[in-house]
Amino acid sequence: MAEPRTGPLTVAGRVLAGTLSVAVLGASGLVWYEYRQLDSGMVKSGALAEARKNAPPHLDQSVNLLLIGLDSRKDMDGNDLPKEFVEEELHAGSSEIGGYNTNALIVLHIPANGGKVTALSVPRDDYVQTVGADGKMHKIKEAYGIAKEAAEQKLSGKGLTKPELERQSREAGRAATLQTVQSFLDIPIDHFAEVNLIGFYDIAKAVEPIQVCLNNPVDDPIVARTATHEGGGTGLRLPAGVSSLDARQALSFVRQRHHLKNGDLDRTHRQQAFISSVVYKLKQDGVVGDLGRLQRLFDAVKKDVVIDDRWNVLDFAQQAPNLTGGNVEFNTLPITGFKNIGGQEVNTVDPGQIKRIVKQLFGHEVPPDAAPSASGEQAAPVVPAAFAVPVATRTTTPAAPRSTHSPRTASPSSASPEAPSTGPTAEPTPDLPMQGPAVKAGGIPCVD
């Protein structure tokens, strides 16, 4: 099925590059006047106010930032993006595909006293109880669209213009996403940034070419959608090793899920690696600290990125340098398997296990093992990641855990597609089961 045109940081992807630009802005230490000049055109959201009403308590002074990659082929006013651009150039499918799913959800945990930033990706198909949507079990990516549709129905008779109806209903979608993530991870969300398909493309266009590294060559031919076939594919063809991508290729890189061993889960690692590569490029190119270049980059972000109305970039500046200094490690939260529910394949998860993992990663006290989760699933045994990382494979029978290697980090100066140089590798996260290896920032990580 066609994917949006990215998070992270596809980033996210998709997604993610837009938020990185905000982080870079904070890291540059601009004076208030300069900040206000850049901030004036940003789209602000008040969705945090609703999410804060039932948010878990803060356990310290750290900051949790949620990056949302919205799978939408519509602009901020609810109009379809140009068909010749979305379908013919990007091969991302029509406006009816994808809806308002959040196909990238990445939490950045920024410690109060500095130090390593922990980034956690939540797989989009995790089957969880929604909060602020309809309160039922759904894929976590669907909370946004369910709440948005309900808000539209409620507001439809109030004489709102189409842009205003779109704005208010999207606010409901954001609030539901924030509340669902908070409940699932048992953490408060302090800030968020959202970027859609066109936003990711515009940001990638502003920073292209972007280097990425693959462990294996990829060939993802496009298959047309028919009455009997959902279609899919991005058209991406790349060799193993380091490649330089333009914006169109970058979108395909973070969207690909077909012809990958672990499908969506491998795509999550692509999103993480892309964010790392973009941040690395901005730093290597000297964009950080260059007001003129930051202004041009930020101008590309303003019309497509939504941030919360509580975000004070100057306050954030003290913590943001870690985001551009390579002191970030990305992990993907584990799943327990796959299940077909109502004709849809979902990721099964153990909520209790997820909450314990998050607390341990964020340096909080972990309570004694809780009782089995409401879903009735038991947490997977905690296996030191140095020996094995459980990775589920979407098959009709249970898949055996797959051993893993630490991901390589390619050096752009000496790497070639045939034989990429390897730099520092990411250390496995000790004593915690994760979905695949960690992705370490500070270079160009090699991923599947």
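The rules behind these values
- Residues numbered from 1 in each chain as written.
- Predicted model: local features only at pLDDT ≥ 70, side-chain atom pairs only at ≥ 80, totals over all residues.
- Heavy atoms only, no water.
- Helix = DSSP H or I, 4+ residues; strand = E, 2+ residues; numbered from the N terminus.
- Polar contact = N/O pair within 3.5 Å; in protein donor to acceptor, adjacent residues only side chain to side chain.
- Contact = heavy atoms within 4.5 Å.
- Buried < 20%, exposed > 50% of the residue type's maximum accessible area, 1.4 Å probe, protein only.
- Pairing = 2+ DSSP bridges.
- Axes fitted to C-alpha atoms, helices over the stretch in contact; angles between N-to-C directions.
- Parallel < 35°, antiparallel > 145°, perpendicular 65-115°, else oblique.
- Left-handed = near helix turned anticlockwise from the far one by under 90°.
- Core = buried A, V, L, I, M, F, W, Y, C linked by side-chain atoms within 4.5 Å.
- pLDDT = per-residue confidence, 0-100.
- Nonpolar A, V, L, I, M, F, W, Y, C, P; charged D, E, K, R; others polar.

What about the side chain of Asp 126?
Then, in step 1: Here Asp 126 shows up in the loop between β4 (117–121) and β5 (127–129).
Then, in step 2: A distance of 3.2 Å separates the side chain of Asp 126 from the side chain of Asn 347, its partner in a polar contact.
Then, in step 3: Residues contacting Asp 126, with those up to four places away along its chain left out, are His 138, Lys 139, Ile 140, Phe 184, Ile 335, Asn 347 and Val 349.

Some details on the pairing of strand β13 (residues 328–332)
Then, in step 1: Counting buried positions along β13 yields five of five residues, so the element is predominantly enclosed.
Then, in step 2: Burial of the side chains of β13 extends over both faces: Val 328, Phe 330 and Thr 332 are buried on one face and Glu 329 and Asn 331 on the other.
Then, in step 3: One ladder, built from five bridges, connects β4 with β13; its direction is parallel. Paired with Thr 118 across the two strands is Glu 329, which belongs to β13.
Then, in step 4: Pairing between β13 and strand β17 (residues 439–440): two bridges, direction antiparallel. If you follow Glu 329 over to β17, its bridge partner there is Lys 440.

Focus on the environment of Ala 150
Then, in step 1: Residue placement: Ala 150 occurs in helix α5 (residues 143–155).
Then, in step 2: Ala 150 sits in the partly exposed class, given a relative accessible area of 44%.
Then, in step 3: Separated by 23 residues in the primary sequence, Ala 150 and Gly 173 place their C-alpha atoms 9.2 Å from one another.

Here's the deal with the pairing of strand β15 (residues 344–348)
Then, in step 1: Two strands pair when backbone bridges link them, and strand β14 (residues 337–341) and β15 are joined in this way by five bridges, in the antiparallel orientation. Bridge pairing in β15 places Ile 341 opposite Gln 344.

Concerning the environment of Asp 220
Then, in step 1: Looking at the element boundaries, Asp 220 is found in the loop between β9 (218–219) and β10 (237–238).
Then, in step 2: With relative accessibility at 0%, the residue Asp 220 sits in the buried group.
Then, in step 3: When the C-alpha positions of Asp 220 and His 259 are compared, they lie 6.3 Å apart, and in sequence the two are 39 residues distant.
Then, in step 4: When near neighbours in sequence (up to four residues on either side) are disregarded, Asp 220 contacts Gly 233, Thr 234, Gly 235, Leu 236, Gln 256, His 258 and His 259.

Considerations on the packing of helix α7 (residues 197–207) against helix α8 (residues 247–255)
Then, in step 1: Running from amino to carboxyl end, α7 crosses α8 at an angle of 130°, the nearest separation of the two axes being 8 Å. In terms of orientation, α7 lies oblique with respect to α8. Once α7 is placed against α8, the crossing between them reads as right-handed. On the side of α7, the interface is formed by Leu 197, Phe 200, Tyr 201, Ala 204 and Lys 205, while α8 contributes Ala 247, Arg 248, Ala 250, Leu 251 and Val 254.

Considering the nonpolar core
Then, in step 1: One finds Phe 200, Ile 210, Leu 238, Phe 253, Phe 274, Val 305 and Phe 330 to be the most contacted residues of the largest nonpolar core, which totals 50 residues.
Then, in step 2: In terms of residues, this core owes the most to one element, α7, which gives seven residues.
Then, in step 3: Grouped together as the second largest cluster of nonpolar side chains are 30 residues, Leu 48, Ile 68, Ala 175 and Phe 362 included.

Quick word on the sheet that holds strand β3 (residues 101–110)
Then, in step 1: Spatially, the eight strands line up as an open sheet ordered β1-β12-β7-β2-β3-β4-β13-β17, and their pairing is mixed. In this open sheet, the two edge strands, each paired with only one partner strand, are β1 (43–45) and β17.

Let's talk about the confidence of the model for the protein
Then, in step 1: Scored by pLDDT, the protein has a mean of 75; 67% of the residues are at 70 or more.
Then, in step 2: Ignoring residues within four places in sequence, the model shows residues 370–407, a span with pLDDT below 50, making 74 contacts including any to other chains.
Then, in step 3: For residues 411–428, every residue scores under 50 in pLDDT, and the model assigns this stretch 39 contacts once sequence neighbours within four places are set aside.

As for the packing of α5 against helix α6 (residues 162–185)
Then, in step 1: Interaxial distance between α5 and α6 falls to 7 Å at its minimum, and their mutual angle equals 140°. For the element pair α5 / α6, the angle class is oblique. In terms of crossing hand, the pair formed by α5 and α6 is right-handed. Within the contact between the two elements, α5 uses Ala 143, Tyr 144, Ala 147, Lys 148, Ala 151, Glu 152 and Leu 155 and α6 uses Leu 165, Glu 166, Gln 168, Ser 169, Arg 170, Ala 172, Gly 173, Arg 174, Ala 176, Thr 177 and Thr 180.
Then, in step 2: Across the contact of α5 with α6, the residue classes tally to eight nonpolar, five polar and five charged.

Describing helix α13 (residues 351–361)
Since there are 3.6 residues in each turn of an α-helix, residues three or four apart along the chain are aligned in direction.
Then, in step 1: Among the 11 residues in α13, eight count as buried, and that is most of the element.
Then, in step 2: Packed against the buried residues of α13 are β4 and α6.
Then, in step 3: Taking the backbone nitrogen of Gly 352 as reference, a side-chain oxygen 3.1 Å away marks Asp 350 as the first, capping residue of α13.
Then, in step 4: Gly 363, located one to two residues past α13, shows a positive phi value of around 80°.

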